[in-house]
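Overview (structure and organization)
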Amino acid sequence: MVEILDTLVSLDLFRESFCCDLTSCRGACCVEGDAGAPVDMDEIAGLEEAAEVLRSELTPEAQAEIDSNGVVYIDRDGQFVTSIVNNRDCVFAVRHADGTTLCAIDRAQREGRLDIQKPISCALYPVRLSSVGDMTAVNYHRWDICRCACELGRRQNLPLYQFLREPLIRAFGREWYDECCTVARELKKAGYLDE
């Protein structure tokens, strides 16, 4: 791990390659797993607003889940996560005509129909954040469904920290990301990263 400002960053962010490959995984991260996506307290109001604006685009099951239980629940670890349908699909997951699962929030935001962004945990995936004392640990989460993303990242020679440039800036700021790039150059110079 390396320290960047008030974070402890796994060397995997510099060593691993990654690039989402929706044509292969079909958006499985929105429907697989044992809980919804982690949500910060300050994101809940935005998710509630998004649910109202996007209601007609969500599945009837997702609408019913939101009506009954809201947009988030507390998981077994005591963390707020997005509500899910049938112990599986995120309530904001929508199927594209080709069968790919997409985030309704992300799609609407990219189309300029919504100012709210999807939860930072979703934007940062496969990076997960956790607290270590008064610091934040920035770790790479390996999941079999992302194997195709690792392969595409290797083919494109795209390190994980570069793939996640915008979400990392959103989470930690431009100064943090610039320092991250400096660390990557220094690690490469010192021989810790492959050429």
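In short, a report on the structure. The model shown is predicted, which means the values in this text are computed figures rather than measured ones.

What follows deals with the overall build of the protein. Counting secondary structure elements, the protein contains ten helices and ten strands. Taking 16 Å as the expected radius of gyration for a compact globule of 195 residues, we find that the protein reaches 17 Å, a close match to that expectation. Based on the C-alpha atoms only, the size of the protein along its principal axes is roughly 55 × 40 × 35 Å. The buried share of the protein, taken over its 195 residues, is 46%. A fraction of 64% describes how many contacts in the protein between residues 6 or more apart in sequence connect residues 24 or more apart. Carbon and sulfur atoms make up 46% of the accessible area of the protein, which amounts to about 10,800 Å² in all.

So, on to the pairing of strand E9 (residues 127-132). Note that E9 and strand E10 (residues 135-140) share six bridges and pair antiparallel. Directly across from Val132, in E10, lies its bridge partner Met135.

It is worth spelling out the packing of helix H9 (residues 165-172) against helix H10 (residues 174-189) at this point. Think of two packed helices as two axes; the pair is described by the angle between the axes and how far apart they sit. As a packed pair, H9 and H10 sit with axes 7 Å apart at the nearest point and diverge in direction by 130 degrees. As far as their axial angle goes, H10 and H9 are oblique. When H9 is examined against H10, the residues Arg165, Leu168, Ile169 and Phe172 are found in contact with a partner set consisting of Arg174, Trp176 and Tyr177. Its residues assigned to classes, the contact of H9 with H10 comprises five nonpolar, no polar and two charged.

Rules behind the numbers
- Residues numbered from 1 in each chain as written.
- Predicted model: local features only at pLDDT ≥ 70, side-chain atom pairs only at ≥ 80, totals over all residues.
- Heavy atoms only, no water.
- Helix = DSSP H or I, 4+ residues; strand = E, 2+ residues; numbered from the N terminus.
- Rg over C-alpha atoms; globule rule 2.2 N^0.38 Å.
- Buried < 20%, exposed > 50% of the residue type's maximum accessible area, 1.4 Å probe, protein only.
- Contact = heavy atoms within 4.5 Å.
- Areas by Shrake-Rupley, 256 points an atom, 1.4 Å probe, with all protein chains shown as cover.
- Pairing = 2+ DSSP bridges.
- Axes fitted to C-alpha atoms, helices over the stretch in contact; angles between N-to-C directions.
- Parallel < 35°, antiparallel > 145°, perpendicular 65-115°, else oblique.
- Nonpolar A, V, L, I, M, F, W, Y, C, P; charged D, E, K, R; others polar.

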